[in-house]
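Results of the structural survey
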Amino acid sequence: MKLQRKNRLRALSLGAVAVSGALALTACGSDDTGGSGDGGGTTAASGSIKCDDAKGQLLANGSSAQQNAIDAWVKQFAAACKDVQINYKPEGSGAGITAFTQGQVAFAGSDSALKPEEVTAAKDVCKGGTPIDLPMVGGPIAVGYNVPGVDNLVLDASTLAKIFDSKIKTWNDKAIKALNPDAKLPSTKIQPFHRSEDSGTTDNFTKYLKAASPADWKYEGGKAWQAEGGQSASGSAGLAQNVKQTAGAISYFELSYAKDGVNTVDLKTEAAKPVEATVDNATKAISEAKVVGTGKDLALELNYKPTADGAYPITLVTYEIVCDKGNKAETLPATKAFLTYIASEDGQKLLAEADYAPIPEEIIAKVRTTIADLS
């Protein structure tokens with residue numbers, strides 16, 4: 001059964017993801033790791049992490065999409081580099097970029113590449129350098145739903161656009177019936193939820209709607225939600241929680257948040273069969289991405305209309321945003337050590353366990369080279 005397979009995948013993530021973001025992100029280390037306790041101590045799980053001169057507090061802010069990945073990474077990094085404290089606030093991509101351009105954080109996480117005006121705004125922070133996008137986390141944006149009695153649901157871009165634009169209002173609408181002829185769809189009112197704050201997840205989700213069904217999604221797109229109607233919630237965790245507790249609800253969030261019984265939509269594309277939101281299927285789509293950044297910037301252009309069988313079209317890539325030159329001397333060693341680890345083979349391996357997609361090798365290799373040259 002598809003639902004059983006999804007639950008097995010989600011169960012894997014629980015071992016890799018810290019229960020509390022606040023606890024996991026305070027990377028003070030613990031006494032049960034078996035490390036030496038001298039700042040360079042390691043465990044079997046974190047033996048490949050090089051702390052070098054990393055020490056002090058590392059502040060970061062941004063994408064909630066990558067929070068579960070950050071939690072898993074920090075847990076490992078903390079065991080090795082006990083002189084570093086990492087505090088990542090998942091306040092959304094918009095908040096992260098603002099914090100970065102104001103010089104409040106060492107790096108930011110964003111599910112959208114920097115816009116020209118944001119690059120300009122950060123010039124004063126990157127003394128003698130420029131801010132760059134480093135793709136680090138990939139994955140599917142799952143469409144989670146709560147329709148009692150319906151464990152399998154297929155939707156397409158047109159139907160999703162109309163649902164989130166309040167044009168389709170009940171679950172037994174004829175458009176949904178046509179895609180799900182064998183399902184017992186109730187007349188329950190559809191309750192669409194969207195992000196309340198600026199979000200790269202919103203940006204990527206609406207880019208998909210605009211690219212795949214332009215006739216039904218007339219909005220410009222961007223980090224801020226623009227469509228009429230619906231309800232809002234903060235962060236991907238907030239959206240997932242509302243879906244779980246609200247009959248008739250539907251929303252969008254990263255696959256790592258679709259756990260504890262939350263069902264996800266299979267998407268009808270131009271491929272032969274509807275596509276499930278899985279890490280492997282997202283990787284198939286991300287592999288079609290192109291590097292469009294210039295210089296050391298590694299911003300990607302995603303393909304929201306893949307035709308390959310099994311390619312899941314609603315994907316995102318989360319970037320770590322950092323200065324190529326001009327980083328603060330007191331945080332540079334810790335920043336490089338942490339970014340080096342999460343871009344490493346071991347760091348990327350943790351992603352699949354937490355329902356994220358590793359960045360394709362030809363791209364992550366460029367990321368590693370760029371991190372090594374940060375100054």
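Criteria and thresholds
Residues numbered from 1 in each chain as written. Predicted model: local features only at pLDDT ≥ 70, side-chain atom pairs only at ≥ 80, totals over all residues. Heavy atoms only, no water. Salt bridge = Lys/Arg side-chain N within 4 Å of Asp/Glu carboxyl O. Helix = DSSP H or I, 4+ residues; strand = E, 2+ residues; numbered from the N terminus. Buried < 20%, exposed > 50% of the residue type's maximum accessible area, 1.4 Å probe, protein only. Disulfide = S-S within 2.5 Å. pLDDT = per-residue confidence, 0-100. Contact = heavy atoms within 4.5 Å. Phe/Tyr/Trp six-rings, centres within 6.5 Å; stacked < 30°, edge-to-face > 60°. Expected span 1.5 Å × (residues − 1). Pairing = 2+ DSSP bridges. Right-handed = clockwise from strand over helix to strand, strands pointing away. Axes fitted to C-alpha atoms, helices over the stretch in contact; angles between N-to-C directions. Parallel < 35°, antiparallel > 145°, perpendicular 65-115°, else oblique. Nonpolar A, V, L, I, M, F, W, Y, C, P; charged D, E, K, R; others polar. Left-handed = near helix turned anticlockwise from the far one by under 90°. Core = buried A, V, L, I, M, F, W, Y, C linked by side-chain atoms within 4.5 Å. Polar contact = N/O pair within 3.5 Å; in protein donor to acceptor, adjacent residues only side chain to side chain.

**Here we look at the pattern of salt bridges**
Charged atoms that come close allow side chains of opposite charge to pair. Going through the model one piece at a time under the given rule, you end up with seven salt bridges. Its salt-bridge partner being K244, residue D260 comes within 4.0 Å of it at the nearest N-O pair. With D260 in the loop between β8 (249-254) and β9 (263-264) and K244 in helix α9 (residues 235-245), this pair connects stretches of sequence that are 16 residues apart. Note on D260: relative accessible area 53%, which makes it exposed. A relative accessible area of 43% places K244 in the partly exposed class.

**Things to note about the state of the cysteines**
Under the counting rule described, the total for this entry stands at two disulfides. Between the sulfur atoms of C51 and its disulfide partner C81 the distance amounts to 2.1 Å. Residues C51 and C81 are joined by a disulfide whose S-S torsion is about -95 degrees; by sign, that bridge is left-handed. Within this pair, whereas C51 is found in the loop between α2 (21-24) and β1 (56-62), its partner C81 is found in the loop between α3 (67-80) and β2 (84-89), the two being separated by 30 residues in sequence. By relative accessible area, which is 5% here, C51 ends up buried. Here C126 engages in a disulfide with C323; their sulfurs sit 2.0 Å apart.

**Let's talk about the confidence of the model for the protein chain**
Confidence in the prediction for the protein chain averages 88 pLDDT; 87% of positions are at 70 or higher. Here residues 3-44 scores under 50 on pLDDT; set against residues more than four positions off or in separate chains, the count is 78 contacts.

**Here's the deal with the packing of aromatic side chains**
Scanning the model with the defined rule gives nine aromatic pairs in all. Between the aromatic rings of F77 and F338, the centroid separation amounts to 5.3 Å while the plane-to-plane angle is 80 degrees, which identifies the pairing as edge-to-face. Of this pair, F77 sits in helix α3 while F338 is found in helix α11 (residues 332-343), placing the two residues 261 residues apart along the sequence. Here F77 falls in the buried class, since its relative accessible area comes to 0%.

**Structural notes on α11**
Given a rise of 1.5 Å per residue, twelve residues ought to cover 16 Å, and the 16 Å separating the end C-alpha atoms of α11 matches this to within 8%. Of all the twelve residues making up α11, nine are buried; the element is thus mostly covered by neighbouring parts of the structure. For α11, the set of buried residues is L332, A334, T335, A337, F338, L339, Y341, I342 and A343.

**Structural notes on the pairing of β1**
Consecutive side chains of a regular strand alternate in pointing toward one face of the sheet and then the other. Across six bridges, β1 lies against β2 in parallel orientation. Counted as the bridge partner of L58 is I86 from β2. Considered for its hand, the β-α-β crossover made up of β1, α3 and β2 is right-handed. With three bridges connecting them, β1 and strand β3 (residues 107-110) associate as parallel partners. Looking at the pairing, N61 lines up with A108 of β3.

**Let's talk about unusual backbone geometry**
Despite not being glycine, D52 has its phi angle at roughly 50 degrees, a positive value. Position of D52 among the secondary structure elements: in the loop between α2 and β1. On the basis of relative accessibility, which here comes to 68%, the residue D52 falls in the exposed class. Of note, D355 is a non-glycine position whose phi angle comes to about 65 degrees, a positive value. If you trace the backbone, D355 turns up in the loop between α12 (345-353) and α13 (361-372).

**Side note on the packing of α11 against α12**
The packing of two helices is summarised by the inter-axis angle and the distance between the axes. With their axes 4 Å apart at the nearest point, α11 and α12 run at an angle of 60 degrees to one another. Relative to α12, α11 is oriented oblique. Across the interface between the two elements, Y341, I342 and A343 of α11 pack against E345, D346, G347, Q348 and L350 of α12. Split by residue class, the contact of α11 with α12 holds four nonpolar, two polar and two charged.

**Notes on the packing of α3 against α11**
It is at 11 Å that the axes of α3 and α11 come closest, and there the two elements cross at 115 degrees. Our classification of the angle between α3 and α11 gives roughly perpendicular. Here α3 and α11 pass one another in a crossing that is right-handed. Two secondary-structure elements touch here, α3 through I70, W73, V74, Q76 and F77 and α11 through A337, F338, Y341 and I342. Considered class by class, the residues forming the contact of α3 with α11 number eight nonpolar, one polar and no charged.

**Structural notes on the nonpolar core**
Core analysis: the biggest nonpolar cluster contains 99 residues, and W73, M136, L160, I250 and F338 have the highest contact counts within it. In contact with F338, other than residues within four places in its own chain, are L58, I70, W73, V74, F77, I86 and F107.

**Quick notes on the environment of S48**
Relative to the elements of secondary structure, S48 occurs in the loop between α2 and β1. Accessibility expressed as a relative area gives 41% for S48, which makes it partly exposed. In this structure, the C-alpha to C-alpha distance between S48 and D346, residues 298 residues apart in sequence, is 7.7 Å. Here the side chain of S48 touches D346 through a polar contact of 2.6 Å, side chain to side chain.

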